[in-house]
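Chain by chain, the residues run as shown.
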Number of protein chains: 2
Amino acid sequence: MAKIEKISPLAPTEFADFPEIDGVLLATAATKMKYQDRDDLLCVAFPDGATAAGVLTTSRTASAPVGLCRQNLSLGKKARGLLVNAGNANAFTGKAGEDAMMATVTVLAAELGCDTNQVYVSSTGVIGEVLDDKKITAHMADVVGNLTPANWTAAAGAILTTDTFIKGAVRTATINGVPVKINGFAKGSGMIAPDMATMLAYIFTDADLPQDILQALLKETADRSFNAITVDSDTSTSDTLLAFATAKAATGKITSLDDPALADFRAAFADLALELAHLVVKDGEGATKFISVTVTGAEDDRAAKVISFSIANSPLVKTAIAGEDANWGRIVMAVGKAGEAADRDKIEIIIGGQKVTEDGMAVPGYDEDACTRHFKGQDIELSVDVGIAEGRATVWTCDLTHGYIDINADYRS
Amino acid sequence: MAKIEKISPLAPTEFADFPEIDGVLLATAATKMKYQDRDDLLCVAFPDGATAAGVLTTSRTASAPVGLCRQNLSLGKKARGLLVNAGNANAFTGKAGEDAMMATVTVLAAELGCDTNQVYVSSTGVIGEVLDDKKITAHMADVVGNLTPANWTAAAGAILTTDTFIKGAVRTATINGVPVKINGFAKGSGMIAPDMATMLAYIFTDADLPQDILQALLKETADRSFNAITVDSDTSTSDTLLAFATAKAATGKITSLDDPALADFRAAFADLALELAHLVVKDGEGATKFISVTVTGAEDDRAAKVISFSIANSPLVKTAIAGEDANWGRIVMAVGKAGEAADRDKIEIIIGGQKVTEDGMAVPGYDEDACTRHFKGQDIELSVDVGIAEGRATVWTCDLTHGYIDINADYRS
């Protein structure tokens, strides 16, 4: 891959300090499959099992690991292991790729003493190259021998590809008065696009939740976090968001997503997912600005999201922001091309808190210098009311810069 | 605008040499509205009227001139004039913009001695700035006085914005044995995207065609030319394709699009439009490669076009081609994200004539060096069969380079 010369300017100054979570063990290893100087293999084990939930890519060319996760989730058994490798997506590799994946699963299941359908797998990296399973299985006994409750930061680092920093987030909450922990980490920097769980992200908790509720919670959360971000509008074949609950905290019976006892946890879970999703955007390939796009006044929330993404994916909007040019005419263009209802003569565009349009044209005498100053910052806030009804949505993206071209014009070499 | 340092490397080595067309007069002027060193105003007159047809942007934030063209077309009167200015799109300018436009139309109609609804208008440039109509009307008497049948190249040049070369095409055909001419010119370089008549393009002929047939011909043609190209997936608020037929050639009565007498003209018309559309792509902002994407085996032609555009608009595919990296895994990704039916295990990708995938994986031992050599050329040919049914489509695009960022990160200054 293109050498990442420096960390994203949007990287947080402090990284998450992960607490241990009862029932979760982690270990990493270096397969040297692609990266020569770092760990690129992650194994997570749940010795006493964990309830699993997942949101997976909607791609029609989904990878073998995505298919395996989907199948395992449908079987509903307790998860016992998670295996992630970085550098090879094992996507579009046909039967050979499937066989390679199953070879790794079989070895890990044997090491953990569980069924193969209790092992979840993700692979991330180049598409179209068959995984060399021996480079993984050769390390399996060692990795399983190294499993400890403390390896979180190494784990979050082992799954990275073009990322420039580790993406982790931690929360605590109480359920029925019992404190629980939630840890999450993610990877992703390019090939990041909406309408599915984007990139790889894992959330772990010691809460005791039935699978259907964990799944419903994860779906709800994904729609407002990972499914509300975009770097380049390109959707990976491997996008995977998984959540594991070890039930080690005696949090009592939860009967529905709306159970009041779940409210605190639900909020903390959503908040953690949003933090991870924002971190992915902040490490967007070449990103120098973090952009929040809110659309209100749309026909419904779905329409608002479509319009938001039309703005957030527009190369012209993203290059204008990169150039610190408050060229809001391009926002008008992006609203227009979205195909959703918008009343041209009622559109209000607000940049960094300042209203720049009303009555279908520029606000007379609006302060363009203030807009430009806002665009010179790192956090850009765009709001658009399209004047139809009450639908609203917020999505997040980054600017489109020379850095994106640098990274992607020669990713494989 | 950002200074264009040099002409696109994909520019044709010879430009169209326009013949005169009976019934068409042209003149240009320099308003100095934005560009200080060139003509930026075009006036075309049809002294004896011309049948008009148009395909206009589907944008929900369409400009005032687009609205005017749509209204005039619906009235069906003979066109008498066309006025185009470059540098200001007069889009999203509310009532003030509408009034400014009508002020220019009123003056031109008076000069030409026709009704205002016989005058077509296009404006291209920055969105959101009200047109200063006096900068146009001040030149109107002079421009009308300068109308001649010979000003074609100046006309094609006056409508340009970020374009680096003039885009013209000429054809001849016969209808019922009578020779007719077809001239066309276009502008467009960025904010170029599918599903509407893209950018500004004008086609003129001396053929004698009823409006409904000219309109049907234009629509059919647009779908396979201007509506099958993309530079950056961004759709202009001002996209306009107009055709004018002066009926100066006594070509006899044509009763339908399928009239055998129209076959030669129909083919020439489509061919001219395709040449213009290709020229727009070849002047795509920052373009260094011309890319043709053909999808076969899709559910239907519509699905094939969606998948084609998913590939042609993918920033990752376009940056890989810019980097001359035959990373076809990104094509797999783009097929997958299109949302249309595709059989992962039957997808065949052909790069520059060489099949690189079959059975859902790389063809064993395919010649990657040959792919790389193909990517080092200027004409890139990608074909994908998605293994479902018989739908097919071809679209055209360019690569995504540092040049695009250079041009668009600071367009307005």
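1. As for the sheet that holds strand β15 (residues 379-385) of chain B
Two pairing modes exist for strands in a sheet, parallel and antiparallel, and in both the strands are linked by backbone hydrogen bonds. Residue and element names in this part refer to chain B. Spatially, 6 strands are ordered β8-β16-β10-β15-β11-β12 in an open sheet, and the strand pairing comes out mixed. Sheet topology places β8 (229-230) and β12 (354-355) at the edges, where each strand pairs with a single neighbour. Of the strand pairs in this sheet, β8 and strand β16 (residues 391-398) are connected by 2 bridges, and their pairing is parallel. Considered in β16, the bridge of T230 is made with T397.

2. With respect to the packing of helix α1 (residues 64-75) of chain B against helix α2 (residues 94-112) of chain B
Residue and element names in this part refer to chain B. α2 packs onto α1 with a crossing angle of 55 degrees between their chain directions and a minimal axis gap of 9 Å. As far as their axial angle goes, α2 and α1 are oblique. Crossing of α1 against α2: the hand is right-handed. Here α1 contributes A64, P65 and L68 to the contact with α2, which in turn contributes G97, E98 and M101. In terms of residue class, the contact of α1 with α2 is built from 4 nonpolar, 1 polar and 1 charged.

3. So, the pairing of strand β4 (residues 119-126) of chain A
Two faces make up the sheet, and in a regular strand the side chains alternate between them. Residue and element names in this part refer to chain A. Counting buried positions along β4 gives 7 out of 8 residues, so the element sits mostly inside the fold. Sheet topology note: the strand β3 (residues 79-88)/β4 ladder contains 8 bridges and is parallel. Note that in β4 the partner of A86 across the bridge is T124. Following the chain from β3 across helix α2 (residues 94-112) to the adjacent parallel β4, one finds a crossover that is right-handed.

4. Points about the interface of chain A and chain B
Contacts between the two partners involve 56 residues from chain A, matched on the other side by 56 residues from chain B. Those elements that place two or more of their residues in the side of chain A that touches chain B are α2, α9 (315-322), α10 (329-337), β14 (361-362) and α12 (402-408) of chain A. Per element, the largest residue contribution to the side of chain A that touches chain B is 7 residues, and it comes from α10 of chain A. Of the residues that constitute the side of chain A that touches chain B, the class distribution is 23 nonpolar, 22 polar and 11 charged.

5. What about the environment of D99 of chain A?
All names here are of chain A. With respect to the helices, strands and loops of the structure, D99 is situated in helix α2. On the basis of neighbour count, D99 is assigned to the partly exposed category, with 14 C-beta atoms found within 10 Å. C-alpha of D99 to C-alpha of K219: the two residues are 120 residues apart in sequence and 30 Å apart in space.

6. Some remarks on the domain arrangement of chain A
Residue and element names in this part refer to chain A. The domains assigned to chain A are domain 1 (25-282) and domain 2 (290-408). On the side of domain 2, 11 residues touch domain 1, which itself brings 12 residues to the contact. Looking at the side of domain 1 that touches domain 2, the elements with two or more residues in it are β8 (229-230) and α7 (263-282). Residues that form the side of domain 1 that touches domain 2 fall into these classes: 6 nonpolar, 5 polar and 1 charged.

7. Some remarks on the sheet that holds strand β16 (residues 391-398) of chain A
Residue and element names in this part refer to chain A. Taken in spatial order, the 6 strands line up as β8-β16-β10-β15-β11-β12 in an open sheet, and their pairing is mixed. Sheet topology places β8 and β12 (354-355) at the edges, where each strand pairs with a single neighbour. Bridge count for strand β11 (residues 348-351) against strand β15 (residues 379-385) is 4 bridges, and the pairing is antiparallel. Residue pairing across strands places I351 opposite L382, the latter belonging to β15. Packed onto the sheet, α7 meets β8, β10 (290-298) and β16 and runs at close to 45 degrees relative to β16. Packed on one face of the sheet, helix α8 (residues 301-312) meets β8, β10, β15 and β16 and runs near 25 degrees to β16.

8. Here's the deal with the relation of the copies chain A and chain B
For the pair chain A and chain B, the best superposition has an RMSD of 0.0 Å and corresponds to a rotation of 180 degrees with a translation of 0.0 Å parallel to the axis. Such a combination of turn and shift is consistent with a two-fold rotation axis. Across chain A, the smallest distance between a C-alpha and the rotation axis is recorded for H402 of chain A, namely 2.9 Å. Residue by residue, 100% of the interface of chain A is reproduced at the interface of chain B, so both copies engage with the same surface.

9. Topic: the packing of α9 of chain A against α10 of chain A
All names here are of chain A. At a minimum axis separation of 9 Å, α9 and α10 run at an interaxial angle of 160 degrees. Put simply, α9 runs roughly antiparallel to α10. Crossing of α9 against α10: the hand is left-handed. Listed contacts from α10 to L316, V317 and A320 of α9 are R330, I331, M333 and A334. Class assignment of the residues belonging to the contact of α9 with α10 gives a composition of 6 nonpolar, no polar and 1 charged.

Scoring rules and cut-offs
Residues numbered from 1 in each chain as written. Chains lettered and ligands numbered in written order. Predicted model: local features only at pLDDT ≥ 70, side-chain atom pairs only at ≥ 80, totals over all residues. Pairing = 2+ DSSP bridges. Helix = DSSP H or I, 4+ residues; strand = E, 2+ residues; numbered from the N terminus. Axes fitted to C-alpha atoms, helices over the stretch in contact; angles between N-to-C directions. Parallel < 35°, antiparallel > 145°, perpendicular 65-115°, else oblique. Left-handed = near helix turned anticlockwise from the far one by under 90°. Contact = placed C-beta atoms within 7 Å. Nonpolar A, V, L, I, M, F, W, Y, C, P; charged D, E, K, R; others polar. Buried ≥ 20, exposed ≤ 12 C-beta atoms within 10 Å, placed from the backbone. Right-handed = clockwise from strand over helix to strand, strands pointing away. Domains from an automatic or database assignment. Least-squares fit on C-alpha atoms with pLDDT ≥ 70 in both.

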